[in-house]
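So you can see what is in the structure, the chains are spelled out below.
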Amino acid sequence: MIYLDHAATTPVPRAVADAMYAVLAEQFGNPSAQYPLGLEMKHQVSAWRRTVAQAAGCGEKELFFTSCGTEGDNWAIQAALWQNRRLGRHIVTTAVEHSAVLECCRWMERQGCEVTYLQPDGRGNITAAQVLDVVRPDTAVVSVMMVNNELGNIYPIADIARGLAQRNPRTLLHTDAVQGFLKVPFAFRTLGADFVTLSAHKIGGPKGIGALCIGPRVRSPRPLLPGGGQEQGLRSGTEATAQIAGFARAVELRTADLPAVLERMAALRAYAAEQLSAIPDVQILGGGAPHILALSLAGWPSQNIVNDLGGQGICISAGSACHQGRPSHVVAALKLPKRVSGGTIRLSFGPETTRADIDACAEALRRHHDTRMPML
Ligand code: PLP
């Protein structure tokens, strides 16, 4: 199998699975228990938190484990609206966010909030000026993703943060960094965002664990889950110790030689863009992050391409895996001609992807172009 869908999820390395198994089978104590098995686990969770926090460039007390990126996104937006409830109920976001942000915003609209959805240009870019232009005195929160999951575009979070400090210092800034974490270097303490969402399964960790970094401007944040008091009383529920262990081990593995890995991924992406551009009717879309390459085989419906390549053991995506076959709102926002948008596919890479994987994919795509009827 050739796996080129690392933006959807990543394989879990053996070392990560082993770390999780050890917790499940042997170190299974509840971190709140007062005997050695529990106390040891409490100590371990702190160490794992330190590992993830260091990689995100935040303090240990600023990192809260969640069940996934979706949870972090929802929590951040709702916590920001809560803090600024006397300021106003205006939200600024983009039309190309992940559904975890978009659907949360739509839900908040139904609760009486007003949402401005910024449109990208034809290449998927959003500028800081565009964001700052629509910020108002009653803007409670701005939520702009760090890296677009379908196109790979990188958005200017630090510039937005700097501009917000001038324009409306009380507006809180959230960034969904699920696709940016350990792909596009950043440190929470210098980024300027008040909330940063992370998820483990995009970096070789298990599914079902993420984190939300919450900065010092967020005063007494609204608890997401009141209960037993875990995660500083803000997100109760017995810690998912095996998932947390896996998250931390994945972070350790990825950070070991991160600059070299990112350089290799960027070179691979450039190589893939070059090889695939040589196929007639291919058009490269957007881009920026080292692990995502979006392109269109203009005229050939993307679902047919995905099915054809899938049958040959090559896993690629027709956009975000979260859309389950529905047309992608991200590609729609680019306002491309129908034959281009309808042929959009995404290749995404991991540290183990090779040039041979790209060559096999390029060959299969060329064969698809040459042997299948265009339908768009
Ligand atoms: N945000 C982005 C940009 C993503 O790509 C994803 C997953 O695809 C998510 C949020 C949701 O993360 P999770 O699957 O951990 O809920």
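Numbers given to residues run from 1 along each chain, matching the order in which its sequence is written. Only residues with pLDDT of at least 70 are given local features in this predicted model, and only at 80 or more are side-chain atom pairs given and counted; all residues enter the totals for whole chains, interfaces and linings. The basis for every side-chain value is the complete set of non-hydrogen atoms in the structure, without hydrogens or water.

Enquirer: Before we go on, may I ask you to explain the sheet that holds strand β3 (residues 90-94) in this structure?
Expert: Where strands meet in a sheet, backbone hydrogen bonds hold them as pairs that are either parallel or antiparallel. Taken together, seven strands build an open sheet; the order of strands is β2-β8-β7-β6-β5-β3-β4 and the sheet is mixed. Only two strands of the sheet have a single neighbouring strand rather than two, namely β2 (63-66) and β4 (114-118). Across the sheet, the mean angle separating the axes of adjacent strands is 20° when strand polarity is ignored. Here, strands pair whenever DSSP counts at least two bridges between them. Helix numbering and strand numbering both begin at the N terminus, where a helix is a DSSP run of H or I of at least 4 residues and a strand a DSSP run of E of at least 2. Looking at chain direction, β3 and β4 are connected through five bridges and run parallel. Between N-to-C directions, angles cover 0 to 180 degrees, with each direction set by a line fitted to C-alpha atoms, over the stretch in contact for helices.

Enquirer: How should the site of the ligand be read in this particular structure?
Expert: Contacts to the ligand come from 14 residues, most closely from Thr-70, Asp-176, Gln-179, Ser-199 and Lys-202. Identification of polar contacts relies on pairs of N or O atoms within 3.5 Å, with a donor-acceptor requirement for protein atoms, meaning one able to donate a hydrogen and the other able to accept it, and with residues adjacent in sequence counted only if both atoms are side-chain atoms. Between an oxygen atom of the ligand and a main-chain N or O atom of Gly-69, the distance comes to 2.8 Å. Separating an oxygen atom of the ligand from a side-chain N or O atom of Ser-199 is a distance of 2.7 Å. Protein contacts shield 91% of the accessible area of the ligand, which totals 390 Å² for the unbound molecule. With three residues, helix α3 (residues 69-83) is the largest single contributor of residues to the shell around the ligand. Proximity criterion: a residue is near a molecule or strand once any of its heavy atoms comes within 4 Å of it. Exposure was quantified through the Shrake-Rupley algorithm and a 1.4 Å probe, taking into account, for residues, occlusion by the shown protein chains and nothing else.

Enquirer: Looking at this structure, I do not really get the packing of helix α9 (residues 258-277) against helix α13 (residues 355-371). What am I missing?
Expert: For any two helices packed against each other, one specifies the crossing angle of their axes together with the interaxial distance. Two numbers describe how α9 lies on α13: the axes approach to 10 Å, and their chain directions differ by 20°. Here α9 lies roughly parallel to α13, going by the angle between them. Our pair here, α9 against α13, has a crossing hand that is right-handed. For the pair α9 and α13, the contacting residues are Leu-268, Tyr-271, Ala-272, Gln-275 and Leu-276 in the first and Arg-355, Ile-358, Asp-359, Ala-362 and Leu-365 in the second. Here the term charged refers only to Asp, Glu, Lys and Arg, the term nonpolar to Ala, Val, Leu, Ile, Met, Phe, Trp, Tyr, Cys and Pro, and the term polar to all other amino acids, Gly among them. Counted by class, the contact of α9 with α13 contains seven nonpolar, one polar and two charged residues. By the definition adopted for this analysis, an angle is roughly parallel if under 35 degrees, roughly antiparallel if over 145, roughly perpendicular if from 65 to 115, and oblique otherwise. In this scheme the crossing of two helices becomes right-handed for a clockwise turn of the near helix relative to the far one and left-handed for an anticlockwise turn of less than a right angle. Whether two residues are in contact is decided by their heavy atoms: any pair within 4.5 Å suffices.

Enquirer: Got a minute to help me understand the pairing of strand β9 (residues 282-285) in this structure?
Expert: Remember that side chains alternate between the two faces of the sheet whenever the strand is regular. As paired strands, β9 and strand β10 (residues 292-297) are joined by four bridges and run antiparallel to one another. From the neighbouring strand, Val-282 faces β10, where its bridge partner is Leu-297. Between β9 and β10, which pair antiparallel and follow one another directly, the connecting turn spans six residues, one of which, Gly-286, has a positive phi of 50°.

Enquirer: Can you walk me through the side chain of Thr-10 in this structure?
Expert: Tracing the chain through its elements places Thr-10 in the loop between β1 (2-3) and α1 (14-25). Remark: exposure states derive from per-residue accessible area (1.4 Å probe, protein chains only) relative to the maximum for the residue type, with buried under 20%, exposed over 50%, and partly exposed in between. Judged by relative accessible area, which is 4%, Thr-10 ranks as buried. A distance of 2.7 Å separates the side chain of Thr-10 from the backbone oxygen of His-201, its partner in a polar contact. A distance of 2.8 Å separates a polar side-chain atom of Thr-10 from the backbone nitrogen of Gly-204. For Thr-10, the contacting residues outside a window of four places in its chain are His-201, Lys-202, Ile-203, Gly-204, Gly-205, Lys-207 and Arg-254.

Enquirer: Got a minute to help me understand the domain arrangement of the chain in this structure?
Expert: An automatic or database domain assignment supplies the residue ranges for each domain. Taken domain by domain, the chain consists of domain 1 (14-255) and domain 2 (257-371). A separation of 27 Å is found between the C-alpha centroids of domain 1 and domain 2. Between domain 1 and domain 2, the contact holds 28 residues from the first and 26 residues from the second. Note on terms: buried area is the combined drop in 1.4 Å-probe accessible area of two parts once they are placed together, counting the loss on both. When the two sides are added together, the surface that domain 1 and domain 2 hide from each other amounts to roughly 2200 Å², 56% of it contributed by carbon and sulfur.

Enquirer: Just checking my understanding: could you explain the sheet that holds strand β12 (residues 344-348) for this structure?
Expert: Ordered by their spatial adjacency, three strands build an open sheet running β9-β10-β12, and the pairing between neighbours is antiparallel. The open sheet has two edge strands with one neighbour each: β9 and β12. Neighbour-to-neighbour, the strand axes of the sheet open up by a mean angle of 30°, direction not taken into account. Packing of α13 onto the sheet brings it into contact with β10 and β12, and relative to β10 it is tilted by some 15°.

Enquirer: For this particular structure, what's the right way to read the nonpolar core?
Expert: Nonpolar side chains in soluble globular proteins generally cluster together in the buried interior. What we call a nonpolar core is a set of buried Ala, Val, Leu, Ile, Met, Phe, Trp, Tyr and Cys residues that are connected through their side-chain atoms within 4.5 Å. Membership of the largest hydrophobic core comes to 69 residues, with the highest contact counts inside it found for Phe-181, Leu-198 and Phe-247. Both domains that furnish three or more residues to this core are identified here as domain 1 (14-255) and domain 2 (257-371). Residues in contact with Phe-247, not counting those within four places in the same chain, are Val-52, Phe-65, Phe-181, Leu-198, Ser-199, Ala-200, Ile-203, Pro-206, Ile-209, Gly-210 and Ala-211. Ile-2, Ala-272, Val-282 and Leu-295 belong to the second largest nonpolar core, which has 26 residues in total.

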